[in-house]
Amino acid sequence: MISSEPAAWEVVYSFFRQGGWFMIPILACSLIAVTVVVYKLMTLGKSLIIPAALEADVDKIDHRAEAGELANLAARCQSGESSLARLCSIAFDSSDQHQGEVQEAVQSAAREEIVNMHSGMPILEVVIAIAPLLGLLGTTSGLVLVFANVGQGADPAKVGQGIAMALNTTVAGLVVAVPTVIAHSHFNRKIETMSARLEVIMGKVVATCQQFKSQ
């Protein structure tokens, strides 16, 4: 027996078609949000910011300094490509300067690293703001057309169906905005956590380098 129910793709297509052309920018927002989320997942990995192995070694920098192994750690940082490695390289390269100058150099580089970590986040914020507004605009436009025909003897059932169709854009806008809000909050929290961790580690590196300048 063949089922008379429409296929899933037909339901989705009908949903977007009934929403009108406002569905096009909403769909574009969803594609942009997905692209940025994938980009952030690829660029905010812990191995690219604070690799666990390097973090463990830098955490023991005071013991390495006492053992005269700072040069080995500095060489490892200079060959690394993570944010922690780049910041440590700056601290080691500037270790012959005054502590204030070293801290300023590290802080400047850290600000640049944090800016890079935030890349793409403003795009998510824009999607969060405009997706629901586009949905609301589409719904409002649809309702204007529906109620314009109410006084012309329109069938109440068709009016109700038209209102339901007009609300499709609001639903679509919220469906795009809600996951984007969750992703933005997750990435923002991750950036804050890693930034705080970098600050703690680099404070320890700068202090140790200044203490063992002669090595």
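Preceding block: the structure.
Computed from a prediction, not measured in an experiment: that's the story for all the values here.

Draft legend 1. Expanded view of the nonpolar core. Counting residues in each nonpolar core, the largest one holds 44 residues, and the members touching the most others are Val58, Leu84, Cys88, Phe92, Met202 and Val205. Contributions of two or more residues to this core are made by α2 (23-43), α4 (52-59), α5 (61-66), α6 (70-79), α7 (83-93), α8 (99-117), α9 (121-148) and α11 (168-211). When neighbours within four sequence positions are excluded, Cys88 is seen to be in contact with Val58, Cys77, Met202 and Val205.

Draft legend 2. Layout of the pattern of salt bridges. A complete count under the given rule lists 6 salt bridges for this structure. For Arg197, the salt bridge is made with Glu55, and the minimal N-O distance between the two is 2.7 Å. Taken together, the residues Arg197 in helix α11 and Glu55 in helix α4 connect sequence positions 142 residues apart. Glu55 gets classed as buried once you look at its relative accessible area, which sits at 14%. What you see here is one network of salt bridges that share partners, running through Lys46, Glu55, Asp59 and Arg197.

Draft legend 3. Region of interest: a nonpolar patch on the surface. Taken together, the side chains of Val34, Val38 and Met42 present a nonpolar region at the surface, about 300 Å² in accessible area. Here Val38 is to be found in helix α2. Note on Val38: relative accessible area 41%, which makes it partly exposed.

Draft legend 4. Local environment of the packing of α4 against α6. Contact geometry of α4 with α6 gives a least axis separation of 11 Å together with a crossing angle of 150°. Considered as vectors, α4 and α6 are oriented roughly antiparallel to each other. When you trace α4 past α6, the crossing you get is left-handed. Between α4, through Ala53, Leu54, Asp57 and Val58, and α6, the contact on the second element is made entirely by Leu73, Arg76 and Cys77. Classifying every residue of the contact of α4 with α6 by side-chain character gives 5 nonpolar, no polar and 2 charged.

Draft legend 5. Just the state of the cysteines, in detail. Within the structure shown, the criterion is met by 0 disulfides. Not engaged in a disulfide, the cysteine Cys88 finds its nearest cysteine sulfur in Cys77; these two sulfurs lie 4.2 Å apart. The class of Cys88 is buried, set by a relative accessible area of 0%.

Draft legend 6. Region of interest: α6. For α6, the full list of buried residues reads Leu70, Leu73, Ala74 and Cys77. Across the axial projection of α6, the buried residues extend over an arc of 100°, all falling on one side. Exposed and oriented more than 90 degrees from the buried face of α6 are Ala71, Asn72 and Ser79. Structurally, α6 contributes buried residues whose contacts are with α4, α5 and α7.

Conventions we followed
- Residues numbered from 1 in each chain as written.
- Predicted model: local features only at pLDDT ≥ 70, side-chain atom pairs only at ≥ 80, totals over all residues.
- Heavy atoms only, no water.
- Core = buried A, V, L, I, M, F, W, Y, C linked by side-chain atoms within 4.5 Å.
- Buried < 20%, exposed > 50% of the residue type's maximum accessible area, 1.4 Å probe, protein only.
- Helix = DSSP H or I, 4+ residues; strand = E, 2+ residues; numbered from the N terminus.
- Contact = heavy atoms within 4.5 Å.
- Salt bridge = Lys/Arg side-chain N within 4 Å of Asp/Glu carboxyl O.
- Patch = residues over 30% accessible without salt bridge, like charges linked within 9 Å, V, L, I, M, F, W, Y side chains within 5 Å.
- Areas by Shrake-Rupley, 256 points an atom, 1.4 Å probe, with all protein chains shown as cover.
- Axes fitted to C-alpha atoms, helices over the stretch in contact; angles between N-to-C directions.
- Parallel < 35°, antiparallel > 145°, perpendicular 65-115°, else oblique.
- Left-handed = near helix turned anticlockwise from the far one by under 90°.
- Nonpolar A, V, L, I, M, F, W, Y, C, P; charged D, E, K, R; others polar.
- Disulfide = S-S within 2.5 Å.
- Arc of directions from axis to C-beta.

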